[in-house]
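Spelled out from the first residue to the last, the chains are:
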There are 2 protein chains.
Amino acid sequence: MTIKEIARLANVSSAAVSRYLNGGYISEEKRAQIKKVIEETGYHPSAQARTLRTKRASLIGVVVPKINSESISRVTEGIGNVLAARGYQMLLASTDNNAKKEIEYLHLFEKYPVDGIILIGTMITAEHRRFLKNARIPVVVTGQNTKYANCVYHDDYGAGKAMGKLAASLSGKHKHIAYIGVTREDKAAGASREDGFRAGLKSEGRELEEEYVRISAFRAESGYEAALSLLDEETDIGVISCATDTIAAGAIRALRDRGIRLAQDQPALPDADASADSCRIAVTGFGDNQLLKAATGGIPTVHFGYKTSGIRSAELLLDVIERGEKIPVEMKLGFRLVRGSEGSM
Amino acid sequence: MTIKEIARLANVSSAAVSRYLNGGYISEEKRAQIKKVIEETGYHPSAQARTLRTKRASLIGVVVPKINSESISRVTEGIGNVLAARGYQMLLASTDNNAKKEIEYLHLFEKYPVDGIILIGTMITAEHRRFLKNARIPVVVTGQNTKYANCVYHDDYGAGKAMGKLAASLSGKHKHIAYIGVTREDKAAGASREDGFRAGLKSEGRELEEEYVRISAFRAESGYEAALSLLDEETDIGVISCATDTIAAGAIRALRDRGIRLAQDQPALPDADASADSCRIAVTGFGDNQLLKAATGGIPTVHFGYKTSGIRSAELLLDVIERGEKIPVEMKLGFRLVRGSEGSM
DNA sequence: CTGTTAGCGCATTCAG
DNA sequence: CTGAATGCGCTAACAG
């Protein structure tokens, strides 16, 4: 079913049908005829033909590292809200933390095409930079700082520093502080949080010893293994700080498996064995995961404005698309330290 | 940059470039020239122009109710694996559990177009049925049983029944059994699980009393509220069975807020106050959420083969697309009851 | 207000 | 093996 056939059936020109579809000048009479034919045939205009012609798709592509993440879903929620309000639809492409796939989907979106792309960044490789430089459509990077595109990112260093100070206060002076980080190729969640964490410890006169550091993937199982290795190979740990709440969930499970209690647990019933406190370990995270809060009652973590970063990213992108805004923007968003089991859901 | 410009720069015809791109006859000499020009210019063929011409995009659209869900991410993982292996890419559209958006994205994909659609179904409305009947591209529905399209779904009724029996065994004879369900408009997670649950209880000589039933949204906060209402308004509850693990997470938090312990908790240290056991409540879920398992040690739940259903769905879809398979399929997948804190990560 | 016309970028005949 | 020509379905001038 094409616009031509509709035109023939309605005894008008294809241009008239096009105008009907796009709200141009058209007489009431022809409008009615066309409407009737379209309804009868269940005709839908071809989006790619239209896009081929207009170069506009009213579509934004969002590239995400994974689907199953509270933080990412908050970002896309923010993006989606803005886009919907401004008449755009949103398509997602998930890369499973695979940098190669990330590039592929970036190209897919560029060619397909969408009007603009938001990349929820993990690592920015040379290929990424090349893409960002040459992209024929506007791109906004969320979650990482880059000068090759407009970006919205979080103060991961500051958050890490705040958490470092908190970790120092959570750990007895004679206890060791452990850190389960993620790859430093991820500047934000990897390098910045860890660097900030070390700075925070230092400002309290503490230090992160290298034997007490592990690297994990962005998955609970991986955090579980890292924590087990910490527990089994090192001694006298007071705090295990994790680079994400998901990793922290794995660490919590590891503690349980080794019969160690979480320091922030507040048993509902008075605990008969108070001396046990001495072997408790605190676990902290980043991201303020609500499912984890629900299940554990809340561990110390950092709340980033993920939804806000999604909103700002979408706004930035649409400003470029619709208004041709040319001035580059690097937007840094703050954070809020969440100390533990306070706050309701 | 178009195929024409490349042709001009390489001193060949656009048809030659097209053949180069698609593996047709071309002399070594011209091949080299074209390759050089393409590399220098960073040219990428326009996907929509190609699609306009070939009617094939090597792209599959997947419509999901939400992004932040372990079960859904497992389904899309399975889909993605199959598609990648067979040379397809995958685009996601998230509807935020909004039936209207679901229809819009279905149409977007149909028109855009992709070669096929997988709908991770929640509720199947009349509009859905109309779409499925008239769709011009193949559609597979995952997670719900429908006769209007090929579908892959889970034995939610059987799972509910198994959980009903387990709940009966978890609850003392004199205790009441509570159920936090989801809307029955969702046939699978709503109606079937609840109906199965009731059947399971009945087979053990128990019954689900209406005052002990609540309806929740698919979110932990909603489960939290439903559980609080149960705890505050009803008495003598032995088990709270929830229609999803996410809801269960909220229920667990509600127990904590009311100072009630989870029945399946195995304190690491001997519990001095054994009598407290009498006021413990068991919480069960569906879905075998790994983050919840990590955080809580594991509650009774049901493991569905989500990844498998994704794999089967994609296979079904590609069979229709590539081989024109015409025989309708309704595929039901089984489940596995997970009793609690056994199993490792 | 309307129809005619001319492409958008590409893949595919069909002669050469 | 190659290039010229044609048209996918649509919209944007333009001339009525």
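Residues numbered from 1 in each chain as written. Chains lettered and ligands numbered in written order. Predicted model: local features only at pLDDT ≥ 70, side-chain atom pairs only at ≥ 80, totals over all residues.

1. Quick notes on the overall build of chain A
Next, step 1: Per the secondary structure count, chain A includes 13 helices and twelve strands.
Next, step 2: Over its C-alpha trace chain A gives a radius of gyration of 26 Å, far above what one expects of a compact globule, namely 20 Å for 345 residues.
Next, step 3: Each principal axis of the C-alpha atoms in chain A carries an extent, and together these give about 90 × 45 × 30 Å.
Next, step 4: Taken over 345 residues, chain A has a buried fraction of 50%.
Next, step 5: A separation of at least 24 residues holds for 70% of the contacts in chain A among residues at least 6 apart in sequence. (Helix = DSSP H or I, 4+ residues; strand = E, 2+ residues; numbered from the N terminus. Rg over C-alpha atoms; globule rule 2.2 N^0.38 Å. Buried ≥ 20, exposed ≤ 12 C-beta atoms within 10 Å, placed from the backbone. Contact = placed C-beta atoms within 7 Å.)

2. What to know about the domain arrangement of chain A
Residue and element names in this part refer to chain A.
Next, step 1: Parsing chain A into structural domains produces domain 1 (3-45), domain 2 (55-155 + 306-335) and domain 3 (156-304).
Next, step 2: Of note, the centres of domain 2 and domain 3, computed from C-alpha atoms alone, are 31 Å apart.
Next, step 3: Across the contact, twelve residues belong to domain 2 and 16 residues belong to domain 3.
Next, step 4: At the level of secondary structure, the elements contributing two or more residues to the side of domain 2 that touches domain 3 comprise helix H5 (70-85) and strand S5 (150-154). (Domains from an automatic or database assignment.)

3. Let's talk about the protein's contact with DNA strand D
Next, step 1: Taken together, 24 residues lie around DNA strand D, and A:Ile3, A:Ala49, B:Ser13, B:Ala15 and B:Ser27 are the ones closest in.
Next, step 2: Sorting the residues of the surface near DNA strand D by element identifies helix H2 (14-22) and helix H4 (47-54) of chain A together with helix H2 (14-22) and helix H4 (47-54) of chain B as the ones contributing at least two each. (Near = placed C-beta within 6 Å.)

4. Things to note about the relation of the copies chain A and chain B
Next, step 1: Each copy of the sequence occupies a distinct position, and chain A is placed on chain B by a rotation of 180° and an axial shift of 0.1 Å, giving an RMSD of 0.2 Å. Taken together, the rotation and translation relating the two chain copies correspond to the operation of a two-fold axis.
Next, step 2: A symmetric contact is evident, with 98% of the interface residues of chain A recurring at the interface of chain B. (Least-squares fit on C-alpha atoms with pLDDT ≥ 70 in both.)

5. Observations regarding the protein's contact with DNA strand C
Next, step 1: In the vicinity of DNA strand C, 26 residues are found, and the nearest of them are A:Ala15, A:Ser27, B:Ile3, B:Ala15 and B:Ser46.
Next, step 2: For the surface near DNA strand C, the secondary-structure elements that each account for two or more residues are H2 and H4 of chain A together with H2 and H4 of chain B.
Next, step 3: If one sorts the elements of the surface near DNA strand C by residue count, H2(B) sits on top with six residues.
Next, step 4: Taken together, the residues of the surface near DNA strand C break down into twelve nonpolar, nine polar and five charged. (Nonpolar A, V, L, I, M, F, W, Y, C, P; charged D, E, K, R; others polar.)

6. Describing the sheet that holds strand S9 (residues 282-284) of chain A
Residues and elements named next belong to chain A.
Next, step 1: The strand order across the open sheet formed by four strands is S7-S6-S8-S9, and the pairing between neighbours is parallel. Sheet topology places strand S7 (213-215) and S9 at the edges, where each strand pairs with a single neighbour. The sheet shows a mean angle of 15° between the axes of neighbouring strands, direction not considered.
Next, step 2: Pairing of strand S6 (residues 176-181) with S7 involves three bridges; the strand directions are parallel. Looking across to S7, one finds that Gly181 is bridged to Ile215.
Next, step 3: Contacts from helix H9 (residues 187-203) reach S6 and strand S8 (237-242) within the one sheet, and its direction differs from that of S6 by about 170°. (Pairing = 2+ DSSP bridges. Axes fitted to C-alpha atoms, helices over the stretch in contact; angles between N-to-C directions.)

7. A word on unusual backbone geometry
Residue and element names in this part refer to chain A.
Next, step 1: Of note, the phi angle at Ser58 is positive, near 50°, even though the residue is not glycine.
Next, step 2: Relative to the helices and strands, Ser58 is located in the loop between H4 and strand S1 (59-64).
Next, step 3: Classification of Ser58 by C-beta neighbours within 10 Å gives partly exposed; the count is 17.
Next, step 4: A positive phi angle, near 55°, is found at Asp236, a position not held by glycine.
Next, step 5: Within the secondary structure, Asp236 is located in the loop between helix H10 (220-233) and S8.

8. Notes on the sheet that holds strand S7 (residues 213-215) of chain B
Residue and element names in this part refer to chain B.
Next, step 1: Within the open sheet, the four strands sit side by side as S7-S6-S8-S9. Their pairing is parallel. This sheet does not close on itself; its edge strands, each paired only once, are S7 and strand S9 (282-284). Across this sheet, the average inter-strand angle for adjacent strands is 15°, counted without regard to direction.
Next, step 2: Here strand S8 (residues 237-242) runs beside S9; their pairing, made up of three bridges, is parallel. The partner of Ser241 across the bridge, within S9, is Thr284.
Next, step 3: Of the strands in this sheet, strand S6 (176-181) and S8 touch helix H9 (residues 187-203), which is tilted by about 170° from S6.

9. Considering the pairing of strand S4 (residues 139-142) of chain B
Walk down a regular strand and you will see the side chains alternate between the two sheet faces.
Residue and element names in this part refer to chain B.
Next, step 1: Every second residue of S4 is oriented toward a common face, with Val139 and Val141 on one face and Val140 and Thr142 on the other, all of them buried.
Next, step 2: Running through helix H7 (residues 126-134), the crossover from strand S3 (residues 116-120) to the neighbouring parallel element S4 is right-handed.
Next, step 3: Across three bridges, the pairing between S4 and strand S5 (residues 150-154) is parallel. Following the sheet pairing, Val140 is matched in S5 by Asn150. (Right-handed = clockwise from strand over helix to strand, strands pointing away.)

10. With respect to the interface of chain A and chain B
Interface size is commonly expressed as the accessible surface area that is lost when the partners come together.
Next, step 1: On the side of chain B, 50 residues touch chain A, which itself brings 51 residues to the contact.
Next, step 2: Mapped by element, the contributors of at least two residues to the side of chain A that touches chain B are H4, H5, strand S2 (89-94), helix H6 (99-111), H10, helix H11 (245-257) and helix H12 (290-296) of chain A.
Next, step 3: The class makeup of the residues in the side of chain A that touches chain B is 24 nonpolar, 19 polar and eight charged.

11. Concerning the packing of helix H5 (residues 70-85) of chain B against helix H13 (residues 306-323) of chain B
All names here are of chain B.
Next, step 1: Interaxial distance between H5 and H13 falls to 7 Å at its minimum, and their mutual angle equals 40°. With respect to H13, the axis of H5 lies oblique. Taken as a pair, H5 and H13 cross one another with a handedness that is right-handed. Of H13, the residues touching H5 (which contributes Ser71, Arg74, Val75, Thr76, Glu77, Gly78, Ile79, Asn81, Val82 and Leu83) are Tyr306, Lys307, Thr308, Ser309, Gly310, Ile311, Ser313, Ala314 and Glu315.
Next, step 2: Of the residues in the contact of H5 with H13, the class split is seven nonpolar, eight polar and four charged. (Parallel < 35°, antiparallel > 145°, perpendicular 65-115°, else oblique. Left-handed = near helix turned anticlockwise from the far one by under 90°.)

12. Things to note about the packing of H4(A) against H4(B)
Next, step 1: Where H4(A) contacts H4(B), the axes come no closer than 9 Å and their chain directions differ by 135°. By the criterion of interaxial angle, the relationship of H4(A) to H4(B) is oblique. Here the hand of the crossing between H4(A) and H4(B) comes out left-handed. Residues A:Gln48, A:Ala49, A:Thr51 and A:Leu52 of H4(A) lie in contact with H4(B), whose contacting residues are B:Gln48, B:Ala49, B:Thr51 and B:Leu52.

13. Overview of the environment of B:Ala49
Next, step 1: Along the chain, B:Ala49 turns up in helix H4.
Next, step 2: Along the chain, B:Ala49 and B:Arg323 lie 274 residues apart, while their C-alpha atoms are 25 Å from each other.

14. Quick look at the nonpolar core
Next, step 1: Residues A:Ile240, A:Ala251, B:Ile240 and B:Ala251 are the most contacted members of the largest nonpolar core, which totals 180 residues.
Next, step 2: Beyond its immediate sequence surroundings of up to four residues, B:Ile240 is in contact with B:Ala178, B:Ile180, B:Ala227, B:Leu230, B:Ala251, B:Ile281 and B:Val283. (Core = buried A, V, L, I, M, F, W, Y, C linked by C-beta atoms within 7 Å.)

15. Here's the deal with H2(A)
All names here are of chain A.
Next, step 1: Those residues of H2 that fall on the buried side of the exposure criterion are Ala16, Val17 and Tyr20. For H2, the angular spread of the buried residues around the axis is 100°, confining them to a single face. Exposed residues pointing more than 90 degrees away from the buried face of H2 are listed as Ala15 and Asn22.
Next, step 2: For H2, the secondary structure elements touched by its buried residues are helix H1 (3-9) and helix H3 (28-41).
Next, step 3: Backbone geometry just downstream of H2 places Gly23 in the positive-phi region, at approximately 75°. (Arc of directions from axis to C-beta.)

16. What about helix H13 (residues 306-323) of chain A?
All names here are of chain A.
Next, step 1: Counted at 1.5 Å a residue, the expected span for H13 with its 18 residues is 26 Å, and the 25 Å between its end C-alpha atoms agrees.
Next, step 2: All of the buried residues in H13 are Tyr306, Ser309, Gly310, Arg312, Ser313, Ala314, Leu316, Leu317, Leu318 and Val320.
Next, step 3: Downstream of H13 by one or two residues, Gly324 has phi in the positive range, about 60°. (Expected span 1.5 Å × (residues − 1).)

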